[in-house]
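Single-letter residue listing:
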Amino acid sequence: MKVIKTVNHMPGNPMRGLSRLVFLPVLLVVLLATAANSADDKANRRKEFYDNLKIMSEVYERIINNYVDEKDPKEIMTAAIEGMLDELDEHSNYLPPVNYEDLVMSTEGEFGGLGITINIRDHYPTVVSPIEGTPAYYMGIQGGDQIVEIEGESSKDFTSREAVKLLRGKAGTQVNITIKRPGQKDMLPLTITRDIIKLESVPYAFMLGDIGYIRIGNFARSTKDEVQAKLDELTAAGMKGLILDLRFNPGGLLDAAQGVSELFLEKDKLIVFTKGRLRSQNHSFYSEARGAVYNQVPIVVMINGSSASASEIVSAAIQDHDAGLVVGQTSFGKGSVQTVFRLDEDEALKLTTARYYTPSGRSIHKDRPRHGRGEMPAKGEQGETEPLEDEAKDKEGHRFTKEKFYTDSGRVVYGGGGITPDIEIDQDFLSDFEVAVERDYALVAYAVEYAAHHADIPEDYQLSDEDYRQFKEFLQGRENIEEYLGVFDLTYSDSLVDANAEFIKRGVRRELARRIHGPTAAYKVAIEADTQLHDTLDLFKKARTLPELLAMADKWNQEQLSKVAAETASNEAESENLKN
């Protein structure tokens with residue numbers, strides 16, 4: 001009766017309600033059929049799984065018992081595991097017997113080494129980022145460099161663990177490597193002296209005029225507290241703006257990224273979320289109330305192509321919630337979540353199980369198949385031929401070809417792998433001459449000798465003309481300098497050295513400052529040549545509030561968009577003229 005009453009009171013066609021009643025059992029049949037099909041699919045998939053497992057087991061058994069040469073069962077099983085992982089992404093790896101110290105070293109410890117983080121890409125150990133202030137950093141090693149030889153042995157198809165085992169060693173010992181650098185045809189041989197690598201989370205924090213500067217080297221358990229302490233110190237010093245430098249930051253702990261992000265975000269703001277194939281891998285991380293939000297001064301976050309993982313989470317959270325401006329270059333794009341599954345007491349499988357997404361919905365991850373199959377090398381990576389590099393550039397295009405997303409205030413931000421900065425600022429790298437001199441350790445050696453004969457060297461020391469002349473003689477007498485220059489087809493001459501006088505004087509001052517006054521003093525000298533940092537500081541001269549900085553970013557994007565439109569129109573006109 002209730003159903004009939006409902007039908008009688010429906011406006012319009014009186015048969016409409018009846019048609020819905022007829023539709024209900026049809027819908028139930030469809031749903032039941034779908035469920036049955038789903039159950040059948042699961043059953044078929046399960047059967048296929050066990051069938052394949054049986055085949056794999058039989059192949060393994062036949063090899064061990066029947067192959068012409070006796071094989072180590074463990075080696076064959078390891079090869080089978082690595083063969084399966086070869087079909088997955090570069091971050092999924094089999095972990096042979098390891099200990100807990102290896103697991104926590106990156107967040108709490110120290111070791112003897114070069115100061116780089118690596119991934120396996122296109123068959124070779126590839127530098128993700130050099131760690132600031134380490135031998136690798138001062139040798140000019142860059143993110144994207146491929147280590148193709150270690151001690152004269154090809155490193156092709158090395159695992160990360162095999163490469164790290166050879167690269168690490170006692171401080172003071174040397175290791176010979178050969179680098180293949182994106183955009184350069186010639187190989188670059190380097191001899192690097194290992195040093196103690198201390199993974200300080202916040203190695204530098206000081207004032208640059210009235211602008212506070214905090215450098216985060218990696219994200220460890222203490223990072224949030226360290227940053228908070230530095231914020232308090234800089235606030236007491238009267239800072240009017242803050243630069244949070246995440247360049248060359250390879251990442252670290254998710255908890256640390258969450259803790260740093262919520263220093264600058266209000267309570268209950270989404271920081272990052274993960275999505276995986278299984279519901280259990282879907283998580284959202286929000287800022288919690290753990291103290292006052294730091295929003296007294298405008299914030300600018302610096303990133304580059306070696307900013308990865310946790311550093312991308314922090315920069316994206318600040319950008320998406322309009323808590324600060326992000327500048328520099330597009331970040332690395334390490335936006336995948338790895339879960340470690342223990343296989344037995346001392347072996348494990350590190351498997352990618354989800355991906356990170358920013359508050360606005362952007363995927364942080366940039367696909368990089370293990371051996372580059374099915375994907376052109378991205379900009380900044382090494383292609384096999386020049387045409388491939390050109391095609392890669394065409395494929396990636398400029399920022400305006402990327403998918404658009406929107407911040408809390410409605411500003412446009414761009415997706416497409418990695419974090420695209422609000423304002424792009426170019427970054428300089430060492431010249432060939434500078435790499436050769438750093439490789440020779442001439443600056444360090446001269447500083448040691450100079451300090452031994454001079455007392456009371458002030459922190460603002462400047463090289464005199466006589467000091468500079470003596471260094472030139474010292475450099476010319478170095479046993480290997482001609483060889484190191486020859487790698488770049490350079491020959492020692494007074495004119496070559498004088499053309500790089502500014503670098504030499506700054507380098508000697510840097511190493512003297514390190515030896516006499518410590519790493520912070522040395523870093524302050526080093527950043528005198530950091531044009532990207534100085535361009536960032538200039539932003540505060542043009543805009544002293546966060547709204548003004550964000551407005552400046554909008555203006556910059558409009559200018560870049562106009563340039564792209566003009567270039568496109570010009571290219572189209574040129575093509576049309578060629579046709580005619």
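Structure first, text after, so check above.
Calculation criteria
- Residues numbered from 1 in each chain as written.
- Predicted model: local features only at pLDDT ≥ 70, side-chain atom pairs only at ≥ 80, totals over all residues.
- Heavy atoms only, no water.
- Helix = DSSP H or I, 4+ residues; strand = E, 2+ residues; numbered from the N terminus.
- Expected span 1.5 Å × (residues − 1).
- Buried < 20%, exposed > 50% of the residue type's maximum accessible area, 1.4 Å probe, protein only.
- Arc of directions from axis to C-beta.
- Contact = heavy atoms within 4.5 Å.
- Pairing = 2+ DSSP bridges.

Concerning helix α13 (residues 465–476)
Counted at 1.5 Å a residue, the expected span for α13 with its 12 residues is 16 Å, and the 17 Å between its end C-alpha atoms agrees. Those residues of α13 lying buried are Asp467, Tyr468, Phe471, Lys472, Phe474 and Leu475. Along the axis of α13, the buried positions cluster into a sector of 165°, meaning they face one direction only. Exposed residues pointing more than 90 degrees away from the buried face of α13 are listed as Asp465 and Gln476. Taken together, the buried residues of α13 touch α11 (432–440), α12 (442–453), α14 (481–486), α15 (494–499) and α16 (501–517).

Points about α12
With 12 residues, α12 should reach 16 Å at 1.5 Å per residue; the first-to-last C-alpha distance of 17 Å fits that figure. Along α12, the residues that are buried comprise Ala442, Leu443, Tyr446, Ala447, Tyr450 and Ala451. Mapping the buried residues of α12 onto a view down its axis gives an arc of 150°, with all of them on the same face.

Thoughts on the sheet that holds strand β12 (residues 241–245)
Think of a sheet as strands paired side by side through backbone hydrogen bonds, with each pair either parallel or antiparallel. The 6 strands lie next to each other as β10-β11-β12-β15-β16-β21, forming an open sheet whose pairing is mixed. Single-partner strands in this sheet number two, and they are β10 (204–208) and β21 (423–424). Pairing of strand β15 (residues 299–303) with strand β16 (residues 325–328), which is carried by 4 bridges, proceeds in the parallel orientation. In the strand pairing of β16, methionine 302 is matched with valine 327.

Focus: the pairing of strand β14 (residues 283–286)
Residues in a regular strand project their side chains so that they alternate between the two faces of the sheet. The sheet contact formed by strand β13 (residues 270–276) and β14 spans 4 bridges and is antiparallel. Counterpart to valine 272 in the pairing with β14 is phenylalanine 285. Taking the residues between adjacent antiparallel strands as the criterion, β13 and β14 are bridged by 6 residues.

Considering the environment of leucine 263
Along the polypeptide, leucine 263 turns up in the loop between α8 (254–261) and β13. Here the alpha-carbon distance between leucine 263 and glutamate 288, two residues 25 residues apart in the chain, equals 9.3 Å.

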